[in-house]
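Coordinate inspection notes
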Amino acid sequence: MKKILFASTALVATAGVAAADVSFGGYGRFGIGYVEDRTVGGTSDTVIVSRFRLNIDGSAETDGGVKFSARVRLQADEDAASGEANAAGLNGARFSVEYGGLRVDVGNVAGATDNLPNYYGNEPGLEAFVGQYSGVNYGFLGYSSGGAGSNGVYARYAVGDFAVAASYDQAPNGGDGDRFDIHAAYTFGNITAALAYGETDNGAAEDDDIVVLTLGGSFGALSGTLIVGDESIGGSVATSDTFYGISAAYDVSSATTLTFAYGDGSGDGDTRNVGLGVIHDLGGGVSLRGAIGESKVGNADGQMRADFGAQFSF
């Protein structure tokens, strides 16, 4: 009788999980990271770097084919200030509704610029410490892996090779204004072109705004991305800067890929960085990753950076 009762309970529990359609997935990475003359927190130039990321997704679908879903993320990273490991914590929830080519996200969302195709390009390194976007200063609506997020709205509609998207949230940092982003993307053959515009009413004399154009394509073993744009940051003294960057990836073999990225801004205080990396696939979702590069802010001396370690998906 007890065996029958236990078996029945297990079946009911399993059926409940299946009906809820809950899934888990993510990745882990660990290794060493080096920053020349590291000043943050007075830590050593070389520290242990790590990340554990677990996405928890739940979804349900109506009889009419409308899909509802939600995600929270459990993540732990090393503490850049102390070099010690941090405890894992949950972020803010994201809720989604999808039907046909339309998707709407609410809550802790990534905005239209954060979702712009080829914005991030190829990011060399275990920690992806170098990117083509390094010259960008504009604070767009972004997904928060370790915090509550901005509680915004993001909508995207795609038909064929064309897609448009828009996002909205309250201005950050205590501002009482609005922030919105829009983008459009079109894919023709093996190339995707995308254009985005964002604006933030930050209560200053001039609003913050940004215009971004990206291109990305693949040509056999070689793939590459390009970003160029202009941003205006308001305040007592408004500034306007042009930024640009490029990234590439080349498959040396079926298991080894070389990556490259360069990013630059035209302002005196802008960050400029460059890096070259390698990814070696060990199979089973496991890879070795590393990179070396330099980061430079304004007229200050550049800092050499490097990292190396393993990453595995689950």
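Structure first, text after, so check above.
Predicted model only: the values in this text are computed from it and were never measured.

Moving on, we come to the pattern of salt bridges. Applying the stated criterion across every chain yields a total of 6 salt bridges. Close ionic contact of Arg103 with Glu98 constitutes a salt bridge, the shortest N to O distance being 3.4 Å. We classify Arg103 as partly exposed; its relative accessible area is 25%. The residue Arg272 makes a salt bridge to Asp264 at a minimum N-O spacing of 3.9 Å. Considered together, Arg272 and Asp264 belong to a single accessibility category, that of buried residues. Linked through salt bridges whose partners overlap, the residues forming this network are Glu98, Arg103 and Asp105.

The next point concerns the nonpolar core. Counting 12 residues, the largest nonpolar core is built from Leu116, Tyr119, Val136, Tyr138, Phe140, Ala185, Ala194, Ala196, Ile210, Val212, Ile227 and Phe243. Of all elements in the fold, only strand S10 (191-200) and strand S11 (208-219) reach the threshold of two or more residues within this core. The residues contacting Tyr138, other than those within four sequence positions of it, are Arg179, Phe180, Asp181, Gly198, Glu199, Thr200, Asp208, Asp209, Ile210, Glu231 and Ile233.

Following the criterion strictly, the structure yields 9 aromatic pairs and no others. Each ring, one from Tyr119 and one from Tyr133, has its centre 5.9 Å from the other, and the planes form 15 degrees; the classification is stacked. Remark: Tyr133 occurs in the loop between strand S6 (102-107) and strand S7 (152-159) and Tyr119 occurs in the loop between S6 and S7; sequence separation between them is 14 residues. Residue Tyr119 is classed as buried on the basis of its relative accessible area of 2%. Summarising the aromatic geometry, the rings of Tyr186 and Phe188 are spaced 6.0 Å apart at their centres and angled 20 degrees between planes, so their arrangement reads as stacked. On the accessibility criterion, Phe188 (39% relative accessible area) is partly exposed. Among the aromatic side chains, those forming a connected cluster through ring pairs are Tyr119, Tyr120, Tyr133 and Phe140.

Here we take up unusual backbone geometry. Phi angles above zero are rare outside glycine, and Asn118 is one such case at about 65 degrees. Residue placement: Asn118 occurs in the loop between S6 and S7. By relative accessible area, Asn118 is classed as partly exposed at 24%. A positive phi angle, close to 55 degrees, is found at Asn151, a residue other than glycine. Structurally, Asn151 is set in the loop between S6 and S7. Judged by relative accessible area, which is 61%, Asn151 ranks as exposed.

Residues Leu102, Tyr157, Val159, Phe162, Val164, Tyr186 and Phe188 make up a contiguous nonpolar surface patch of about 620 Å² in total accessible area. Secondary structure elements with two or more residues in the nonpolar patch: S7, strand S8 (162-170) and strand S9 (178-188). Along the chain, Phe188 turns up in strand S9.

Before going further, it helps to spend a moment on the pairing of S10. Here S10 shows a clear split, with Thr192, Ala194, Ala196, Gly198 and Thr200 buried on one side and none of Ile191, Ala193, Leu195, Tyr197 and Glu199 buried on the other. Where S9 lies against S10, 10 bridges are found, and the strand directions are antiparallel. Of the residues in S10, the one forming a bridge with Ala185 is Ala194. Once S9 ends, the chain turns through 2 residues before running back antiparallel as S10, passing Gly189 with a positive phi of about 65 degrees. Alignment of S10 against S11, held across 10 bridges, turns out to be antiparallel. When the sheet's bridge partners are listed, Gly198 is paired in S11 with Ile210.

It is worth spelling out the side chain of Asn273 at this point. Mapped onto the elements, Asn273 comes out in strand S15 (residues 271-283). We classify Asn273 as buried; its relative accessible area is 8%. Side chain to side chain, Asn273 and Ser134 meet in a polar contact 3.4 Å long. Those residues in contact with Asn273 that sit more than four places away from it in its chain are Phe129, Val130, Gly131, Ser134, Ala261, Tyr262, Gly263, Glu294 and Ser295.

Calculation rules
Residues numbered from 1 in each chain as written. Predicted model: local features only at pLDDT ≥ 70, side-chain atom pairs only at ≥ 80, totals over all residues. Heavy atoms only, no water. Salt bridge = Lys/Arg side-chain N within 4 Å of Asp/Glu carboxyl O. Buried < 20%, exposed > 50% of the residue type's maximum accessible area, 1.4 Å probe, protein only. Core = buried A, V, L, I, M, F, W, Y, C linked by side-chain atoms within 4.5 Å. Helix = DSSP H or I, 4+ residues; strand = E, 2+ residues; numbered from the N terminus. Contact = heavy atoms within 4.5 Å. Phe/Tyr/Trp six-rings, centres within 6.5 Å; stacked < 30°, edge-to-face > 60°. Patch = residues over 30% accessible without salt bridge, like charges linked within 9 Å, V, L, I, M, F, W, Y side chains within 5 Å. Areas by Shrake-Rupley, 256 points an atom, 1.4 Å probe, with all protein chains shown as cover. Pairing = 2+ DSSP bridges. Polar contact = N/O pair within 3.5 Å; in protein donor to acceptor, adjacent residues only side chain to side chain.

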